[in-house]
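Residue-level structure breakdown
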Amino acid sequence: MLRECTETEFEAYADFAYELALDPSKSGYPSYRDGIKTKQTFMERLHRAYERDDEQLLLFVRGGAVRGLIHYYWIPEDRYLQTNAFCIQEATEQALAEFLSFLGERFPGYELFMGFPAENQQAAAYLSGCGFECIEDDYNNTAFLDKLPPMPEASGVLPVKRENYELFRSLHSRIEGDMYWNSDRIYEKLDDWSILLKETDGIAQGAVYYRDLDDGWYEIFGIDIRGETEHPELFQELLCAAISDARRRGGRFMTFFCEKEYQQTALACGFVCVDNYLCFKIRLD
């Protein structure tokens, strides 16, 4: 069964949950095997749930013993739900079934997003069988910026500001679909973003966009390329430009979830693969 995890219980089971978080077959995303996040990161992030009204920690109890811990949060104005830890020692299918039933009663009409490493085969198979749509199947990569050699200088790559934002919108609006960080939301928070764009004769050819997550840790949220054919040279040019720019800003790490067709390019730029990432989505009715 699932029940709310008290603050005292979290202190008692946090070590147990963290050990599960390090096992890709028994945990969900975010990954704590990326060489960036630490045990302290895990403890502090989950503990903050007790200071907020839009997050909750749950314990999964089976046979009278605690077998897992779940952390999730919600954004009411967007009717958005996401797990932030799904650490289950055994009976993953049962934990998922109880969790979905719990959320369905409490958050009807919300869209739920859950991320897992492909190694968690039980979770992936169960969610696929429950009608979840796999909206992302790519590779989680880390770049240790202070260990990389200098990147080649890019030509014709310029920063995107409010005055030239429409160039970026012309690219991003083509692929944004129902993703959370669409053109309008990025524009609203533009001061939080770094966007580099390659243009030729006033036409945007490609762009990379990323954010500073915390203390020199950057995450690339996407690289948009004009057209429908692969352009590994342009992709690499933008990726190298982002690495160079982040280093100039004092960056130490960079995270990048890369599509399969460009994964070899990311590795050639110095990224290290953490694992194959799957993101599932469903509307709770």
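For the structure itself, look to the data block above.
Residues numbered from 1 in each chain as written. Predicted model: local features only at pLDDT ≥ 70, side-chain atom pairs only at ≥ 80, totals over all residues. Heavy atoms only, no water.

Before going further, it helps to spend a moment on the pattern of salt bridges. Pairing is possible between side chains of opposite charge, provided their charged atoms come close. A full pass over the atoms with the stated rule returns 18 salt bridges. Close ionic contact of E55 with R52 constitutes a salt bridge, the shortest N to O distance being 2.9 Å. The class of R52 is partly exposed, set by a relative accessible area of 36%. One salt bridge in this structure joins D245 and R249, with 2.8 Å as the shortest N-O distance. Overlapping salt bridges bring together R45, R52 and E55 as one network. (Salt bridge = Lys/Arg side-chain N within 4 Å of Asp/Glu carboxyl O. Buried < 20%, exposed > 50% of the residue type's maximum accessible area, 1.4 Å probe, protein only.)

Every other side chain in a regular strand lies on the same face of the sheet, so the side chains alternate between the two faces. Burial runs high along strand 10 (residues 217-225): 8 of the 9 residues are buried. Where strand 9 (residues 203-214) and strand 10 come together, 8 bridges link them in antiparallel fashion. Across the sheet, the residue bridging to D212 is Y218, located in strand 10. Remark: 2 residues form the turn of the hairpin made by strand 9 and strand 10, two consecutive strands paired antiparallel; D215 in that turn has positive phi of roughly 50 degrees. (Helix = DSSP H or I, 4+ residues; strand = E, 2+ residues; numbered from the N terminus. Pairing = 2+ DSSP bridges.)

On to the layout of surface pockets, then. For the second largest pocket, the calculated volume is near 400 Å³. What lines the second largest pocket is a set of 26 residues, and nearest its centre among them are P159, I195, L196, D245 and R249. At the level of secondary structure, the elements contributing two or more residues to the lining of the second largest pocket comprise strand 7 (157-159), strand 8 (193-200), strand 9 and helix 7 (232-248). By residue number, the principal contributor to the lining of the second largest pocket is helix 7, which donates 5 residues. In terms of residue class, the lining of the second largest pocket is built from 14 nonpolar, 2 polar and 10 charged. (1 Å grid on protein atoms, 1.4 Å probe; cavity = no way out; pocket = protein on both sides within 12 Å on 5 of 7 lines; lining within 4 Å. Points joined across faces, edges and corners; volume = space filled by probe spheres on them. Nonpolar A, V, L, I, M, F, W, Y, C, P; charged D, E, K, R; others polar.)

Right, let's talk about the packing of aromatic side chains for a bit. How two aromatic rings sit relative to each other is set out by the distance from centre to centre and by the angle between their planes. Using the criterion set out here, one finds 30 aromatic pairs in the structure. When the ring of W193 is compared with that of Y209, the centres are 6.3 Å apart and the planes differ by 55 degrees; the resulting orientation is tilted. Highlighted residues: W193 in strand 8 and Y209 in strand 9, separated in sequence by 16 residues. Summarising the burial analysis for this pair, W193 and Y209 share the class buried. One aromatic cluster in this structure is built from Y73, Y80, F113, Y165, F168, Y180, W181, Y187, W193, Y209 and F221. (Phe/Tyr/Trp six-rings, centres within 6.5 Å; stacked < 30°, edge-to-face > 60°.)

Let us now look at helix 1 (residues 7-21). Y13 marks the point of greatest bend in helix 1, at about 55 degrees. By the burial criterion, the buried members of helix 1 are E9, F10, A14, A17, Y18, L20 and A21. Where helix 1 is buried, its residues touch strand 1 (2-4), helix 2 (39-47), strand 2 (55-62), strand 3 (65-75) and strand 4 (80-88). (Bend = angle between axes of the 7 residues up to and from the residue. Contact = heavy atoms within 4.5 Å.)

So, on to the packing of helix 1 against helix 2. Between helix 1 and helix 2, whose axes approach to 10 Å, the crossing angle comes to 140 degrees. As summarised for this structure, helix 1 and helix 2 are arranged oblique, according to the angle between their axes. The hand of the helix 1/helix 2 crossing is right-handed. Two secondary-structure elements touch here, helix 1 through E7, F10, E11, A14, D15, A17, Y18 and A21 and helix 2 through K39, F42, M43, L46 and H47. Tallied by class, residues from the contact of helix 1 with helix 2 come to 8 nonpolar, 1 polar and 4 charged. (Axes fitted to C-alpha atoms, helices over the stretch in contact; angles between N-to-C directions. Parallel < 35°, antiparallel > 145°, perpendicular 65-115°, else oblique. Left-handed = near helix turned anticlockwise from the far one by under 90°.)

With that settled, consider the environment of Y13. Topologically, Y13 is positioned in helix 1. Through-space distance from the C-alpha of Y13 to that of L59 is 9.2 Å; in sequence the pair is 46 residues apart. Those residues in contact with Y13, other than ones at most four positions away along the chain, are L59 and V66.

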